[in-house]
Amino acid sequence: MKSMLKGVSQSIGLGKLKEAHALAQKYLEKVNRYYDKRHPASISAVNNLALVSKMIGEYVPAKEMYLQVVQAYIEALGPSHKSTLIAMQNLANLHKNLQEYEIASRLFDELLSLRMQHFPEEKVEYAILLAQASGARREINDFAKAEEQLVKAHEILFNKYGDENVLVAMVFNQMGLLSKKQKAYSKAEDCYKRALRIQENLLAFEHPDIISTKHNLGELYYAMGEMEKSKELLEETMNSIKKSEYTQ
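Overview of the structure.

1. Details of the nonpolar core
No. 1: Counting residues in each nonpolar core, the largest one holds 54 residues, and the members touching the most others are M88, F108, L111 and V171.
No. 2: Top element by residues in this core is helix 7 (residues 123-139). It accounts for eight residues.
No. 3: Other than its neighbours up to four places away in sequence, V171 contacts A131, L150, A153, H154 and L157.
No. 4: Core analysis: the second largest hydrophobic core is formed by six residues, A188, Y192, L220 and L233 among them.

Printed below as a string of structure tokens:
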């Protein structure tokens, strides 16, 4: 079974998500032959399948699995255990994928409070959570709160790593999304370009984070009426996505 689980991780690392999903499904079926569904091994297997399901866009089944995982961890470990909080964070992000932003915001608020109360020393994890929470706030037009969360996240990450870090780039990307929604297009462009500069210095050319930032920048140029720039970037990212799908 360990080799099967290793295969899931390797397939994800290679971008072969459909293969990873099939392996995660088989792994869960095998684990359930030996363990009760409340056993930690079974819960972990469900969590793995939920993760890969989300990655291939199967959000509804992933949501059901994450709900199952959260409930199991609460019953077995308590609401403030680290494993419980990670599962809740996965669920909150899935609510964002499903555009259930009010639910996501409430869950993120609960998570931020629990993390600050029980794990105040884990500042980087708190910063990542702030950045993720800001996305839900942005989508319910709570721009002031979203900006506050992103500024705090950037402060924590910059103090830890400086500017040359992929997490800092992630925050700049989120700042770009927020600025675009507020129609502050020049600020959004600056944020995306700062994110892209960091990512291109640290990541492979067609890394998903680079593709995502270029796509966001292309959509921004479209909103700004700069059609040639928009077309060039959107075509480039679409070709990268097609190439990635072909290799799966």
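There's more to say after this.
2. Focus on empty space enclosed by the protein
No. 1: Inspection of every chain in the model, using the stated rule, returns one cavity of 30 Å³ or more.
No. 2: Space inside the largest cavity adds up to approximately 40 Å³.
No. 3: Lining the largest cavity are F205, E206, I210, I211, K214, E236, T237 and S240.
No. 4: Those elements that provide at least two residues to the lining of the largest cavity are helix 11 (208-224) and helix 12 (227-247).
No. 5: Tallied by class, residues from the lining of the largest cavity come to three nonpolar, two polar and three charged.

3. Digging into helix 9 (residues 166-181)
No. 1: In this model, helix 9 (16 residues) spans 23 Å end to end at C-alpha, consistent with the 22 Å of a helix rising 1.5 Å per residue.
No. 2: Along helix 9, the residues classified as buried are V168, A169, V171, F172, N173, Q174, M175, G176, L178 and S179.
No. 3: Where helix 9 is buried, its residues touch helix 7, helix 8 (143-161), helix 10 (185-202) and helix 11.
No. 4: Taking the backbone nitrogen of L167 as reference, a side-chain oxygen 2.8 Å away marks N165 as the first, capping residue of helix 9.
No. 5: Once helix 9 ends, the next one or two residues include K183, with phi positive near 65°.

4. Some words on helix 1 (residues 2-13)
No. 1: An ideal rise of 1.5 Å per residue puts 16 Å on twelve residues; helix 1 measures up with 17 Å between its terminal C-alpha atoms.
No. 2: Residues G7, V8 and S11 constitute the buried set of helix 1. For helix 1, the buried positions fall inside an angular range of 105° around the axis, keeping them on one side. Exposed residues pointing more than 90 degrees away from the buried face of helix 1 are listed as K2, S3, K6 and G13.
No. 3: Where the residues of helix 1 are buried, they touch helix 2 (17-34) and helix 3 (40-55).
No. 4: Positive phi shows up at G15, right after helix 1, with a value of about 80°.

Rules used throughout
- Residues numbered from 1 in each chain as written.
- Predicted model: local features only at pLDDT ≥ 70, side-chain atom pairs only at ≥ 80, totals over all residues.
- Heavy atoms only, no water.
- Core = buried A, V, L, I, M, F, W, Y, C linked by side-chain atoms within 4.5 Å.
- Buried < 20%, exposed > 50% of the residue type's maximum accessible area, 1.4 Å probe, protein only.
- Helix = DSSP H or I, 4+ residues; strand = E, 2+ residues; numbered from the N terminus.
- Contact = heavy atoms within 4.5 Å.
- 1 Å grid on protein atoms, 1.4 Å probe; cavity = no way out; pocket = protein on both sides within 12 Å on 5 of 7 lines; lining within 4 Å.
- Points joined across faces, edges and corners; volume = space filled by probe spheres on them.
- Nonpolar A, V, L, I, M, F, W, Y, C, P; charged D, E, K, R; others polar.
- Expected span 1.5 Å × (residues − 1).
- Polar contact = N/O pair within 3.5 Å; in protein donor to acceptor, adjacent residues only side chain to side chain.
- Arc of directions from axis to C-beta.

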